[in-house]
Amino acid sequence: MDIEVYEGVDGDDLMAPAHVPAAVVRAAVDDARSPVPTDVHRSVTLAVARGSEKTARLRLERLARVVMATGQVDSPAAAWATDWSELPSAAYEALDRSISQTWGTASTRNAMRDSVRAVVRACRDAGLMTHDAATVALSALRTEKIGRDEEKQARGHLGAETVRAAFAAMAADESPTARRDAALIALLVGAGLRREEATALDLADLDSARETLVVTGKGAVVRSVPLAPGVRRAIGAWLEVRGEDDGPLLTPMSKTVPRVAVVDAERRLSVNSVAATVKKRFVGEDETVRPHDLRRTFVGDLLDAGADLSSVSKIVGHTSPSTTAGYDRRGIEARRAAVEKLSVPFV
């Protein structure tokens, strides 16, 4: 694949290509992670060899769209079969200009750049690119700084009354399903788990005192998450229904009545089931409540309570506190109040 340097290209002529069909992307991920990939070049396979399958799919799909946006190829397979370690620096500069002209928001442009940067980093780490060559390529695809949007950060957080009402409604429902749903929502809004993390939990991940969970997060990074008293009570009530058999902590329910927990290592809640449960239990809100809104609320509640950013970052599994800061809803008034606590001995 040859990527030409853009000279005088009208940005109006560049259009974001349609998303690559999910089946095509899944097939590419499977090939990239097979013992001997046949269609995906090693320079690309290295970038998706680790981490979750979701991350791998996003990375390959975005990489293909970045290349197809140049108009020089119309097949995602061409992007995946390319030896990226052999591309000249001018090609990476051309891709960056194409990204800048094709996508309208800085966050989307950064996501597209990151798909290419991940390939470059993988090539560098594997010795396919020299450090100098990789540095030049990464510099050509430098991410844009995004200003702090305090109004945006305040969105997606649920008020205490909303959360309290949802738990009250589940408490009034004596069905086993309501017990399960209460435990699930407690883990999302009271422990900050991602929905993928919640569905992957096993009973063995809960310590004997039921005060701490061992959670496997993004990139297979394992962290210890302390549980608040209310979360412990919700889990305890669910385990009275579920039982103490080994297997998934949160289970599907039987289709027959009376409903019972189906404890089977081969059967777990799907992430779509988690989203449907959250939507159902927060019905009546002006906007659909999503699982990540509960995680965002958890972070906001901890920061409002005075927890330091670094500790919260570790609890929710963010690699950088700057990511956690994006969930901070406190705004300028909180920062002003913090400064007022300082004592400057000016006379």
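Keep in mind that this is a model prediction, so the values were computed, not measured.

Criteria and thresholds
- Residues numbered from 1 in each chain as written.
- Predicted model: local features only at pLDDT ≥ 70, side-chain atom pairs only at ≥ 80, totals over all residues.
- Heavy atoms only, no water.
- Helix = DSSP H or I, 4+ residues; strand = E, 2+ residues; numbered from the N terminus.
- Expected span 1.5 Å × (residues − 1).
- Buried < 20%, exposed > 50% of the residue type's maximum accessible area, 1.4 Å probe, protein only.
- Arc of directions from axis to C-beta.
- Contact = heavy atoms within 4.5 Å.
- Patch = residues over 30% accessible without salt bridge, like charges linked within 9 Å, V, L, I, M, F, W, Y side chains within 5 Å.
- Areas by Shrake-Rupley, 256 points an atom, 1.4 Å probe, with all protein chains shown as cover.
- Salt bridge = Lys/Arg side-chain N within 4 Å of Asp/Glu carboxyl O.
- Phe/Tyr/Trp six-rings, centres within 6.5 Å; stacked < 30°, edge-to-face > 60°.
- 1 Å grid on protein atoms, 1.4 Å probe; cavity = no way out; pocket = protein on both sides within 12 Å on 5 of 7 lines; lining within 4 Å.
- Points joined across faces, edges and corners; volume = space filled by probe spheres on them.
- Nonpolar A, V, L, I, M, F, W, Y, C, P; charged D, E, K, R; others polar.
- Pairing = 2+ DSSP bridges.
- Core = buried A, V, L, I, M, F, W, Y, C linked by side-chain atoms within 4.5 Å.

Engineer: Please provide a residue-by-residue account of helix H9 (residues 160–172), values included.
Structural biologist: Taking 1.5 Å as the rise per residue, H9 with 13 residues should run 18 Å; its terminal C-alpha atoms sit 18 Å apart, in good agreement. Of all the positions in H9, only Val163, Ala166 and Met170 are classed as buried. All buried residues of H9 lie within an arc of 60° about the axis, which places them on one face of the element. Away from its buried face, by an angle of more than 90 degrees, H9 presents the exposed residues Ala160, Glu161, Ala171 and Ala172. Those residues of H9 that are buried are in contact with helix H10 (176–191) and helix H13 (271–281).

Engineer: Go over helix H12 (residues 229–242), please, and point to the residues and values.
Structural biologist: When the terminal C-alpha atoms of H12 are compared, their 20 Å separation across 14 residues agrees well with the 20 Å that a helix rising 1.5 Å per residue should span. Those residues of H12 hidden inside the fold are in contact with H10. Directly beyond the C-terminal end of H12, a positive phi value near 95° is found at Gly243.

Engineer: Could you give me a rundown of a nonpolar patch on the surface, with the residues and numbers involved?
Structural biologist: A contiguous nonpolar surface patch, about 520 Å² in accessible area, is contributed by Val339, Leu342, Val344 and Phe346. One can find Val344 in the segment after helix H17 (331–340).

Engineer: How would you sum up the packing of aromatic side chains? Please name residues and give values.
Structural biologist: If you walk through the whole model with that rule in mind, you get one aromatic pair. Geometrically, the ring pair formed by Trp84 and Tyr92 is tilted, given 6.3 Å between the ring centres and 45° between the ring planes. Of the two residues, Trp84 and Tyr92, both sit in the buried class.

Engineer: Could you give an account of the layout of surface pockets, with specific residues and numbers?
Structural biologist: Quantified by volume, the second largest pocket comes out at close to 490 Å³. Residue lining of the second largest pocket: 25 residues in total, with Phe167, Ala186, Gly230, Val231 and Ala234 positioned closest to the centre. Those elements that provide at least two residues to the lining of the second largest pocket are H9, H10, H12 and helix H14 (291–304). Top contributing element to the lining of the second largest pocket by residue count: H10, with six residues. Classifying every residue of the lining of the second largest pocket gives 17 nonpolar, four polar and four charged.

Engineer: Can you explain the pattern of salt bridges? Please cite residues and give values.
Structural biologist: The final tally for this structure, using the stated rule, is 19 salt bridges. In this structure, Asp114 and Arg121 form a salt bridge, with 3.6 Å as the shortest nitrogen-oxygen distance. The class of Asp114 is partly exposed, set by a relative accessible area of 32%. The exposure class of Arg121 is partly exposed, given its relative accessible area of 26%. Because the salt bridges share partners, they merge into one network encompassing Asp96, Arg109, Arg113 and Glu144.

Engineer: Please give an account of the pairing of strand S1 (residues 212–216) that cites residues and values.
Structural biologist: Burial along S1 is one-sided: the residues Leu213 and Val215 are buried and none of Thr212, Val214 and Thr216 is. When S1 meets strand S2 (residues 222–226), the two strands line up antiparallel, connected through five bridges. Looking at S2, one finds that Val215 is bridged to Arg223. Between S1 and S2, which pair antiparallel in sequence order, lie five residues; one of them, Gly219, sits at a positive phi of approximately 65°.

Engineer: Could you give an account of the nonpolar core, with specific residues and numbers?
Structural biologist: Counting 39 residues, the largest nonpolar core has Leu60, Leu63, Trp80, Trp84, Tyr92, Val116 and Val120 as the members making the most contacts within it. Taken together, the elements giving at least two residues each to this core come down to helix H1 (22–32), helix H3 (53–68), helix H4 (76–80), helix H5 (89–102), helix H6 (106–125) and helix H7 (131–140). With seven residues, H3 is the single largest residue contributor to this core. Sequence-distant contacts of Leu63, that is, excluding residues within four places in its chain, are made with Val44, Ala79, Trp80, Trp84, Ser115, Val116 and Val119. One finds Ala166, Ala183, Leu201 and Leu206 within the second-largest nonpolar core, a separate group that totals 37 residues.

Fair warning: the whole summary comes from geometry, so function is off the table for now.
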